[in-house]
Every structure is written in structure tokens, then in C-alpha cells.
Amino acid sequence: MTSELIVHAPIDGWVCSLDEVPDDAFAGRMVGEGLAIDPTGMTVRAPFDGVVSSLARTGHAVSVRSDDGAEILIHVGLETVALDGAGFTAHVAAGTRVRAGDLLLTLDLEVVAAGAKSLISPILLANEGEVRLLPLNRQVAAGEPIMAVRLAAASGPTLDEGAAALTRTVRAPLPHGLHARPASRIAAGAKSFDARVRLILGERSADAASLTAMMTLGLKDGDELILSASGPQAEAALEAIHALIASGLGEGGEGAHAAPVAEAPAVPAGPAAGEDGELIFSGVTAAPGLVIGRAVRLRQAEIETPEHGRGVMLEQAALQQALTVVRSRIEASVAEGGAHRRAILAAHLAFLDDPGLLATAQEAIEAGRSAGFAWRTATQGGVALFRSLGDARTAERADDLLDLERQLLVELSGEAAPAPMVLGAGSVILADDLLPSQLIALDAVKVAGLCTARGGPTSHVAILAAAMGVPALVAVGPGLERVEDGALVVLDADGRRLVASPSASRQARAQSAAAARDRRRAEARALAAEDCRTADGVRIEVFANLGDVAEAAPAVAGGAEGCGLLRTEFLFLERQSAPTEDEQLAQYQAIADALDGRPLVIRTLDAGGDKPLPYLPMPHEDNPALGLRGVRTGLHRPDLLLTQLRAVCRVRSSGTVAVMLPMIASVAEVRQVRALLDIAAAETGGQAPLLGVMIETPAAAMTADLLAPHIDFVSVGTNDLTQYALAMDRQNAHLAAQLDSLHPAVLRLIAQTAKGAADTRWIGVCGGLASDLLAAPILIGLGVTELSATPSMVAEIKAAVRVMTLADCRDLAAEALTLDSAEAVRALADERLAALLKSRVVGAVA
Ligand code: PEP
Ligand code: MG
């Protein structure tokens, strides 16, 4: 940067020298050179055009980076980090592009003044450079020039970037995170050595000489950091920075560190820079896959709605009319699509009739509000309530309500509903968040992938994306607006990242990975109908999980040799009353017919917990995941269970029909259901079907040998087994990255299950791990003989099984059990599979 950059006052107030700031770090220029403003205004604005490069979680400090790289830190007040956000409202996020004068923060000066040491606010150049102060000791209005800055030519230690780095880990006892003051101490320490030091936190890393880079790490109290140093004084620098951070950096967190506070981990602070100007976003996989496509940003225009009504009668009529139109539009589209889509639309219909929402809207209309304003008041109340309950899955339902809010407001505005977006082939949709109706409205054929800043992996949009077979990444955090419409993007949902403007080499890698994936899928599909055997001929059955009659025939066409898990709760999700025995029989029989004599495993109702059913009200539970779920619901309502068992007993098939019990934790539960099943069989005049249990609790896995004499088979539900073994809620988006069923603890439980249940008819897996190509050989090596996968993965799972001999699988499984992390297990399986594929190809050519 050769020319000067003019910095404009971000806030009204009295401008003065840093010498007047009653804080040693700022007055001593340890954080940076600049000036201070004693504020009189309540709004903090951008000091020039640029990008918000960091925003403290607590909103008390924000920095903006110019396109030339100059970074200005605005630190509002002193010791304001301790306010923990009180008095600050942020209007931007890290990564937001701003113009000079744009609103960054609003302050409640009374609250801030009451809690801060001082309101005086340092405005500093955070990088190395020259600062020219314009006249001090004067009153300025936001937007007036206050200083000019020029960056120094690149300086600092000349290091061999490729030199081997030394690393050390340190836990950071920082009660307020890594805010300006502790960061400035690290930066000062790092600059005093001829070494390059980096702080690495998960997937993010920052140069220890860069204050703002460190602040954007999002480090929280108790986080474990990796320090890496290279250069002539690497060892000494590492030692010094380690000691500095371990001492608490003067932030009062010294000494033995308590367990980290269970605060919701931040979503990523924004994209990281990759090679050749790439922007890399990390997120959570909502639906697997890898695509290269063009970004299409989905923006939503705000719908204006007048506050005041034209009279109670008129507004009431307008609301009724809009509700009727939207209801009939939803009812008309319920007919299309599968069970998931129907369930989502049924939830929308239920909201439209919700007496609470309607009463709130009615009250607002009676108080003189317009129909639109009243409806928004009602839905926003519901949204706030859902989000405040602290349950990730309930919070995701707020999206359904927002979706309906929008549909009604469009209707009331009298404008035509927005025309569906015209998409080009290979469109990767980027959105802050996506509503189910927006996804349904998109041209499914053209949608190649989805990526949202917010959202969770269990949201309805995630379920729809998976059903459409579209890779989806959610919760990538702020910054998606930095990706231009039409920009090339690599959406690697399997690798949990979106790379915008990928470098030529990354494009080539992604293209060959996507091509290899397509090739693999095509080859797998060509052999889908063949029996599945390992390379040495051991028979492994590959089944499909089903939740809808419509899925059965396509699953068979895709190679499924049966159904290893029929999720019966999905068949009646939208019902307001329990299905009768005949209604159930009709559904089960239709699926048995579509399977044409192939085995059908019908799981009894797995309601409760994260799958509430409208017709089955449950008592309030503080911890539903540990409450009345699965078989416990059935034993709590034996009338419902007996009806279901009778329906299963009446299914006619030339093949096996079996009953499977979810969430078993003890032999007593199996005995009780066995007694009911015998009654059902006797009453319906038939033979009792086979009876098996799902292994979803550590208790069931550890007592598989005790359960075995009472059952015919087991099937491991790795989704729940993982959540209960790792004590991590499967709905929690923040834990999604760690919730990997290849965790050695889960594998050891599966090994124990297979050993304990070795004498039963089959040992299956029907959780998500059965659809994981890397997991299949490990599971077989542990003793599993049946895999029930999501229908779209059946052919590929069969192909993966065919590559290895049973001995290969056993070796791999034995080694996996000795590893200490899911990552290590994945790396091992990947390496083994690649080596085997290579040796087979070489062998075939030779
Ligand atoms: C499981 O828990 O792995 C399973 C298959 O059951 P669900 O995902 O339906 O809870
Ligand atoms: Mg389960």
C-alpha cells in the first residue's frame, strides 16, 4: 500500500491522544498506534470501505480491513469485554463488506457507561505502518476524517516458510476469550523473536504477530491451542508464548484450570483464506457429496407491512382470506413428493391452525394493527419461544414458522408470489438460511448443492436435501455474501467445506474426485442386482432403510436385498390420531409386496425424544433423549404396541418378516414385548414373526450375550449408540463435527455386541455407519453380516464389500480397535482401501 488511507471517525465524540487513555496497554501503544474518541454518539460506523475482519462475540470491539490490507480496530470503552455483550448490538458479522459510514454497532450508552471502566474508545491501526493524526482535542461527528494511515512495506523475520515447525499445545485460561489486550501481549511477545509463530485452533490458524487474526480465531476460555513456530529462534519463541498464554495473560484466569464452560461453541467466525485467493468455509454436513458448480446467492427482499390496520373487520377478513389461500396452496402440494416432504407440509398446516398463533394475531388486530403486522407479531413470538428453549431441534422448527410468516405476508401484500428463481445447471445455492418452501420452489434438477450460513444438520431443509440426493453444508457462519453470484465453488460436503474461487489445482483435484465418485457409482450400479459377497465369497446382506412405501420399489431397483429397518413412525408422522391395525397392515403389506419376498424388518414405533408424534402426547420431560423413547413408549402405551404387533403378525410374505425393538436397555423389556407378541400372534391366528433388538444403548451392547437367548437377531443403531456412548446430542449442530460413529468407543461396543450375539441369526447395522463406505469393511471385520443402508448408498456399499476378503476386514477392524480417535480410524481405512484397490488393479493388469 503506497497511498495513504483516510480513516473517518466511527462515532461522534471528543477526539484525543492515546496518552489520555487510562490503560497501560493502549496508552503504551502495545495494541497499536492511533487515537481515541470519548463518545457522545450511540452508533459506531465503518471508518472506510472494506470488510469487517473481526467482531468480538461480546460486540465491544470490531475491526475493519481496507482492500489494501490496512486494519483499524475500534475498541469501544475500556474493560467492556466484561459486559459480555450487554449494551452492544452488532449490525454486521465478521466477513460483512461495508462502505464508509455503514452501521457496525449500536450502543446503549447508559448500560455501557455503567459497566465500563471508561467510555473512551481507542481507534488503532492493527498492522505495522505509519499513522498521521489529524488535529486532536476537538469535537468530531461520525464520518469526519481523523487520521491517515500507510502500511509498512512487508517486514519481519525472513523465514523459510517450508522450514519444519515445532509445535506445543496449551490450554488458554482466558475468561473473556482472546480479546484485544491479551492478544496484544502475545503479538508483542511474538514480534520479539526471529521466528514465525502461529496459533492453531481446530481448522483455523492465525499469525501470532497479527492482533486481528488472533481475535478472529474465536478462542474461548479453556480452549486447547496448538502453537507452531519456525525460524532460527523457534524454540525460544515457542517457550515464551507458551508460558505467556499458560499464565493467563494477566486476565485473571491463572492457575489450575476448571473444566471449560459448556457455552455453545461459536459457529465459524468466517471463511479462511486458502491458496490463490480462495475463500474456505467450514461447516457441518447435512447431506453428503462433492460437487463443483456455480454459486447462486438466494436473497430475500424484506416484505414491508404497515403497522396500522384499516379497521378490525377488514383486517380480520384479510387474515382469514390469506390463511385460506396459503392453506389450500399447501394442501395441493402435499400430494407430491415422499414422506419427508409430506411431513414438513403437514407441520406447516398444523401451524396455520395453531390456536395460540391465531389468538395472538386476533388480539393485535383488535388493538388496531394490520393483518400482516398482527401475523408477524404472532409468528415472531413463536420463533423467539422456539429459539429460547435451548433445544437445537426445536430451534430449527422456528424456520418452519418463519417460512409461513413469509408466505402469509406475500399473500397479504397483494403482490404475486415471487417467481421461482431461474437456475442454470450445476447451481450451488448459497443462503443465510433456507426455508423448506424455498427449497421446494427451486428447480430440483438444477440444484447441485446447498450451503447455508446458519441452519442445522437435522433441519427440515437438511432432510429434504438428503432426500433429493443434493450435497448440503450448513452452519458455515458469516461471509457467504463475499462469494459473488456465478463464482465457481467446490462444495465438499463430505469434507465439511465450501471453497469459493478454487485454485486451479484444487479444481483439478475436485474434478478428479468427483469424476472418480461418478465412475464408482456407475460401476456400482451396474452390479447392484448381484448378491453381495466379500472378495473371498463370504455372503454379506445389504438391505435398505425405508420410511415410506414409495421408497420400497426404487430401493429394490437400486440393489437392496431387503429392508433392514422400516421406520414405522415415519409412515404416520402427519396423523392427528393413532393409525388403526388395518391402516398399519395396509402400509406394511404394500411394502412387503414391493419387496417381493425379500426380508422385511419392521421396527416398532420409535416415538418420543427427537421424534414426537402429534397423536401421542408425552408428559413434559427435562431430558427427552433419556426419557420415554423407543420401546419405553411402547411399554408405556401397551395398547398401541399390541395393535402394531397384531398388524405385523398379519403381514403375508413368502420371505422373512421380523419385528425389531428400538432403544432396548434391558432383558426385562424384551421379555415384556415377547409376551405381547405371543398374544398378538395367538389372536391373529398366525405364527409370531422373528424378534430382534436394536443395539442403541451402551447397556444393550455390553449385555448382548444376555439379550441373545431371548431374540433372533440384533441390529446396531449407530446414530443413537454414538450419541449415548459419547454423551453428545445427535441434534446439536455444535457437536456435529465430533459425533463420528467410527469413534473407537463405538467400535468397541459394536465388537462386544457381535461377540455377545454371535449365536443369533444375524448381526446387522442399520444406523448411519452402514451407509459409510469406509466403515463397511470394519463392521464386517467386527462380525457384522447385514448392513442396512440409506437406499441411495446400497449399490456402493455392495461394491465396497466386494473389494476385501474377510481376512482383510478382520485385520483392519483389529487395528482400528487399537486407535485413539475416529480421525485415525478413517485415515487407516482410507489407506487400506486405496492400497487394496491399487493392488487389485496391478494384479489384474499383470
Ligand atoms: C439409529 O439410532 O442408528 C437408528 C437407525 O435409529 P434412528 O436413526 O431412527 O433413531
Ligand atoms: Mg435410533
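Residues numbered from 1 in each chain as written. Chains lettered and ligands numbered in written order. Predicted model: local features only at pLDDT ≥ 70, side-chain atom pairs only at ≥ 80, totals over all residues. Heavy atoms only, no water.

This part takes up the overall build of the chain. Regarding its fold elements, the chain presents 27 helices and 35 strands. Looking at the chain as a whole, 51% of its 846 residues are labelled buried. Of the contacts formed within the chain by residues at least 6 apart in sequence, a portion of 71% connects residues at least 24 apart. Just so you have it, the chain exposes about 35300 Å², and 54% of that area is on carbon and sulfur atoms. (Helix = DSSP H or I, 4+ residues; strand = E, 2+ residues; numbered from the N terminus. Buried < 20%, exposed > 50% of the residue type's maximum accessible area, 1.4 Å probe, protein only. Contact = heavy atoms within 4.5 Å. Areas by Shrake-Rupley, 256 points an atom, 1.4 Å probe, with all protein chains shown as cover.)

Reading across the sheet, the three strands line up as 1-14-12 and stay open at both edges, with antiparallel pairing between neighbours. Looking at which strands have only one partner, the edges of the open sheet turn out to be strand 1 (5-8) and strand 12 (129-133). The mean inter-strand angle of the sheet, taken between neighbouring strand axes irrespective of direction, is 25 degrees. By the bridge criterion, four bridges tie strand 1 to strand 14 (residues 145-151) in an arrangement that is antiparallel. Bridge assignment links Val-7 to a residue of strand 14, and that residue is Met-147. (Pairing = 2+ DSSP bridges. Axes fitted to C-alpha atoms, helices over the stretch in contact; angles between N-to-C directions.)

What the eight strands build is a closed barrel, ordered 28-29-30-31-32-33-34-35; its pairing is parallel. Along the sheet, successive strands turn relative to each other by an average axial angle of 25 degrees, direction set aside. Strand direction decides the pairing type here: strand 33 (residues 713-716) and strand 34 (residues 762-765), joined by four bridges, are parallel. Within the sheet, the bridge partner assigned to Phe-713 lies in strand 34 and is Trp-762. Relative to strand 28 (residues 541-546), helix 25 (residues 794-803) is tilted by about 160 degrees, and along the sheet it contacts strand 28 and strand 35 (786-789).

Within the secondary structure, His-242 is located in helix 5 (residues 234-246). Those residues in contact with His-242 that sit more than four places away from it in its chain are Arg-168, Thr-169, Val-170 and Leu-227.

In this structure, Glu-696 (OE) and Asp-720 (OD) serve as the protein donors to the magnesium ion (ligand 2), at separations of 2.0 Å. Of this pair, Glu-696 sits in the loop between strand 32 (690-695) and helix 20 (698-702) while Asp-720 sits in helix 22 (residues 718-726), and the two are 24 residues apart along the sequence. The two residues Glu-696 and Asp-720 agree in class, both being buried. (Donors = N, O, S within 2.8 Å, 3.2 Å for Na, K, Ca; no water.)

Bringing the nonpolar core into the picture now. Judged by nonpolar contacts, the single largest core of 94 residues is most densely connected at Leu-566, Ile-750, Ile-778 and Leu-787. With sequence-adjacent residues up to four places away left out, Leu-787 is seen in contact with Ile-540, Glu-541, Val-542, Phe-543, Val-765, Ala-770, Ala-776, Leu-779, Ile-797 and Val-801. By size, the runner-up hydrophobic cluster in this structure holds 35 residues, among which are Ala-70, Leu-109, Leu-119 and Leu-151. (Core = buried A, V, L, I, M, F, W, Y, C linked by side-chain atoms within 4.5 Å.)

Of the two faces of strand 33, the one lined by Phe-713 and Ser-715 and the one lined by Val-714 and Val-716 are each fully buried. Two elements, strand 32 and strand 33, share four bridges in a ladder whose sense is parallel. Pairing of Met-694 across the sheet is with Ser-715, part of strand 33.

Attention now goes to empty space enclosed by the protein. The tally for this structure, following the rule as stated, stands at three cavities of 30 Å³ or more. Looking at the largest cavity, its volume works out to about 180 Å³. Lining the largest cavity are 17 residues; nearest its centre among them are Leu-605, Tyr-615, Leu-640, Leu-641 and Gln-644. The element best represented in the lining of the largest cavity is helix 18 (residues 638-649), accounting for four residues. Partitioned by chemical class, the residues of the lining of the largest cavity number nine nonpolar, seven polar and one charged. (1 Å grid on protein atoms, 1.4 Å probe; cavity = no way out; pocket = protein on both sides within 12 Å on 5 of 7 lines; lining within 4 Å. Points joined across faces, edges and corners; volume = space filled by probe spheres on them. Nonpolar A, V, L, I, M, F, W, Y, C, P; charged D, E, K, R; others polar.)

Moving on to the pairing of strand 35. Going residue by residue along strand 35, you find Glu-786 and Ser-788 tucked away on one face and Leu-787 and Ala-789 tucked away on the opposite face as well. Pairing between strand 28 and strand 35: four bridges, direction parallel. Counterpart to Phe-543 in the pairing with strand 35 is Ser-788. Both strand 34 and strand 35 contribute to a ladder of two bridges, which runs parallel.

Counting across every chain of the model gives 35 salt bridges. The partner of Glu-33 in a salt bridge is Arg-29, and the shortest N-O contact between them spans 3.2 Å. Classification of Glu-33 by relative accessible area gives partly exposed; the value is 33%. The shortest N-O distance in the salt bridge between Arg-376 and Glu-405 comes to 3.3 Å. On the criterion of sequence distance, the pair formed by Arg-376 in helix 9 (residues 371-388) and Glu-405 in helix 10 (residues 392-413) is long-range, its members being 29 residues apart. (Salt bridge = Lys/Arg side-chain N within 4 Å of Asp/Glu carboxyl O.)

Glancing now at the packing of helix 13 (residues 504-526) against helix 25. Relative orientation and spacing of two packed helices are given, respectively, by the angle between their axes and the distance between those axes. The contact between helix 13 and helix 25 brings their axes to 8 Å, and the two run at 90 degrees. Here helix 13 lies roughly perpendicular to helix 25, going by the angle between them. Counted together, Arg-520, Arg-521, Ala-524 and Arg-525 of helix 13 and Ala-795, Glu-796 and Ala-799 of helix 25 form the full contact between these two elements. Its residues assigned to classes, the contact of helix 13 with helix 25 comprises three nonpolar, no polar and four charged. (Parallel < 35°, antiparallel > 145°, perpendicular 65-115°, else oblique.)

With that out of the way, let us pick up the side chain of Glu-581. Along the chain, the position of Glu-581 falls in helix 16 (residues 581-595). In contact with Glu-581, not counting residues within four places along its chain, are Thr-643, Arg-646, Ala-647 and Arg-650.

Following both chains from N to C, one finds helix 18 and helix 19 (residues 667-684) inclined at 50 degrees, their axes separated by 9 Å at the closest point. By the criterion of interaxial angle, the relationship of helix 18 to helix 19 is oblique. Helix-helix and strand crossings are classified by hand; for helix 18 and helix 19 the assignment is right-handed. Seen from helix 18, the contacting residues are Pro-638, Leu-641, Leu-642, Leu-645, Arg-646 and Cys-649; seen from helix 19, they are Val-673, Leu-676, Leu-677, Ile-679, Ala-680, Ala-681, Glu-683 and Thr-684. Looking at the contact of helix 18 with helix 19, its residues break down into 11 nonpolar, one polar and two charged. (Left-handed = near helix turned anticlockwise from the far one by under 90°.)

The next point concerns the packing of aromatic side chains. For the structure on display, the rule yields one aromatic pair. On the basis of an interplanar angle of 15 degrees and a centroid distance of 4.2 Å, the ring pair of Phe-713 and Trp-762 is categorised as stacked. Linking Phe-713 in strand 33 with Trp-762 in strand 34, this pair joins segments that are 49 residues apart in sequence. For the pair formed by Phe-713 and Trp-762, the shared burial category is buried. (Phe/Tyr/Trp six-rings, centres within 6.5 Å; stacked < 30°, edge-to-face > 60°.)

Right, let's talk about the confidence of the model for the chain for a bit. Predicted confidence across the chain gives a mean pLDDT of 85, with 89% of residues reaching 70 or more. Every residue in residues 155-163 scores below 50 in pLDDT, and together they form 11 contacts with partners more than four places removed in sequence or on other chains. In this model residues 253-267 is a low-confidence stretch, pLDDT under 50, and it forms 19 contacts with partners more than four residues away in sequence or in other chains. (pLDDT = per-residue confidence, 0-100.)

Next up on the list: the environment of Val-474. Along the chain, Val-474 turns up in strand 25 (residues 472-474). Linking Val-474 and Arg-454, residues 20 residues apart in sequence, is a C-alpha distance of 6.0 Å.

This part takes up the environment of Arg-299. Of note, Arg-299 is situated in the loop between strand 22 (290-297) and helix 6 (312-334). Each C-alpha atom, one on Arg-299 and one on Glu-481, is 9.8 Å from the other, the two residues being 182 residues apart in sequence.

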